[in-house]
Amino acid sequence: MSSSPLPLHFVTSADRLERLPDRAAEIALIGRSNVGKSSLINALARRKDLAKTSKTPGRTQLLNCFALDDDRALIDCPGYGYASVSKTTRAQWTPMVRRYLLERAALRQVLLLVDGEVGPTKLDVEMLEWLRAHDLPFTVVATKHDKVRSAKRERRKRDLAAGCQLDPKDIVWVSAESGVGLDRLRALVLDQLG
Ligand code: GTP
Ligand code: MG
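Residues numbered from 1 in each chain as written. Chains lettered and ligands numbered in written order. Predicted model: local features only at pLDDT ≥ 70, side-chain atom pairs only at ≥ 80, totals over all residues. Heavy atoms only, no water.

### Overview of the site of ligand 1
Line of reasoning, step 1. Around ligand 1 sit 22 residues in total, of which Ser33, Ser39, Gly58, Thr60 and Asp146 are the nearest.
Line of reasoning, step 2. Between an oxygen atom of ligand 1 and a side-chain N or O atom of lysine 37, the distance comes to 2.8 Å.
Line of reasoning, step 3. In the model, an oxygen atom of ligand 1 is placed 3.0 Å from a nitrogen or oxygen of the serine 38 side chain.
Line of reasoning, step 4. Relative to its unbound accessible area of 660 Å², ligand 1 is 89% covered by the protein chains.
Line of reasoning, step 5. More than half of the atoms of ligand 1 fall within 2 Å of the grid points belonging to the largest pocket. (Near = heavy atom within 4 Å. Polar contact = N/O pair within 3.5 Å; in protein donor to acceptor, adjacent residues only side chain to side chain. Areas by Shrake-Rupley, 256 points an atom, 1.4 Å probe, with all protein chains shown as cover. 1 Å grid on protein atoms, 1.4 Å probe; cavity = no way out; pocket = protein on both sides within 12 Å on 5 of 7 lines; lining within 4 Å. Sits in = over half its atoms within 2 Å of the grid points.)

### Some thoughts on the packing of aromatic side chains
Line of reasoning, step 1. Applying the stated criterion across every chain, the model contains one aromatic pair.
Line of reasoning, step 2. The positively charged end of arginine 98 is found above the aromatic ring belonging to tryptophan 130, 5.1 Å away from the centroid. (Phe/Tyr/Trp six-rings, centres within 6.5 Å; stacked < 30°, edge-to-face > 60°. Lys NZ or Arg CZ within 6 Å of the ring centre and 35° of its normal.)

### Quick notes on the sheet that holds strand E4 (residues 72-76)
Line of reasoning, step 1. On the basis of which strands lie adjacent, the open sheet formed by seven strands has the order E1-E3-E4-E2-E5-E6-E7 and mixed pairing. The sheet is open, and its two edges are formed by strand E1 (9-14) and strand E7 (172-173), each paired on a single side.
Line of reasoning, step 2. Pairing between strand E3 (residues 63-67) and E4: four bridges, direction antiparallel. Bridging from a neighbouring strand, phenylalanine 66 pairs with leucine 74 of E4.
Line of reasoning, step 3. Along the sheet, helix H5 (residues 182-193) contacts strand E2 (25-31), E4, strand E5 (107-115), strand E6 (138-143) and E7; its crossing angle with E5, the most-contacted strand, is approximately 155°. (Pairing = 2+ DSSP bridges. Helix = DSSP H or I, 4+ residues; strand = E, 2+ residues; numbered from the N terminus. Contact = heavy atoms within 4.5 Å. Axes fitted to C-alpha atoms, helices over the stretch in contact; angles between N-to-C directions.)

Listed below in structure tokens is the structure:
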């Protein structure tokens, strides 16, 4: 049996954390551009166009707030590591996201999305080191489970976990396409938001 979709609704896009509405608890989704952050928000809500997705990396450029209710929200952050936008735009989102992650009192958990087919990349590993160095609570979510051939899955799960220096059981594998892992992730999100 599958769990109910999260009743998320779009609240606002903010270019700095002060412009986000006050909330008691938030979870941030971060990860390489094109890894599937916005698609995952849609999948958790079982909606098609709640969060804008794109084949072109760099679609999400602001902190997008999707509320569960008045107290709890998910924040869809711009991705890192894409080259298709100007250097200034690329250079600007990093401080915005980093400041949000370091200074947001409501932040309960960071979901670091890693592409299940290719990751973790060098930038993902750097991000993991940064999260650990700052003692931020995080969960690694491996995306695009549907793109990994079933014969290769066990190996891929071990390799991805090893690359993240984590136990395979601590990584949540998901697919926005097939729905794999969404129940587990919904339960985790609700638990972390309290
Ligand atoms: P930015 O906003 O640029 O940071 O990217 P994002 O991480 O929000 O990625 P987005 O959700 O826009 O997805 C990027 C591409 O990956 C789109 O073409 C999606 O359709 C595809 N995609 C996302 N999730 C999955 C998945 O689970 N399976 C497959 N096969 N494709 C996926
Ligand atoms: Mg996006």
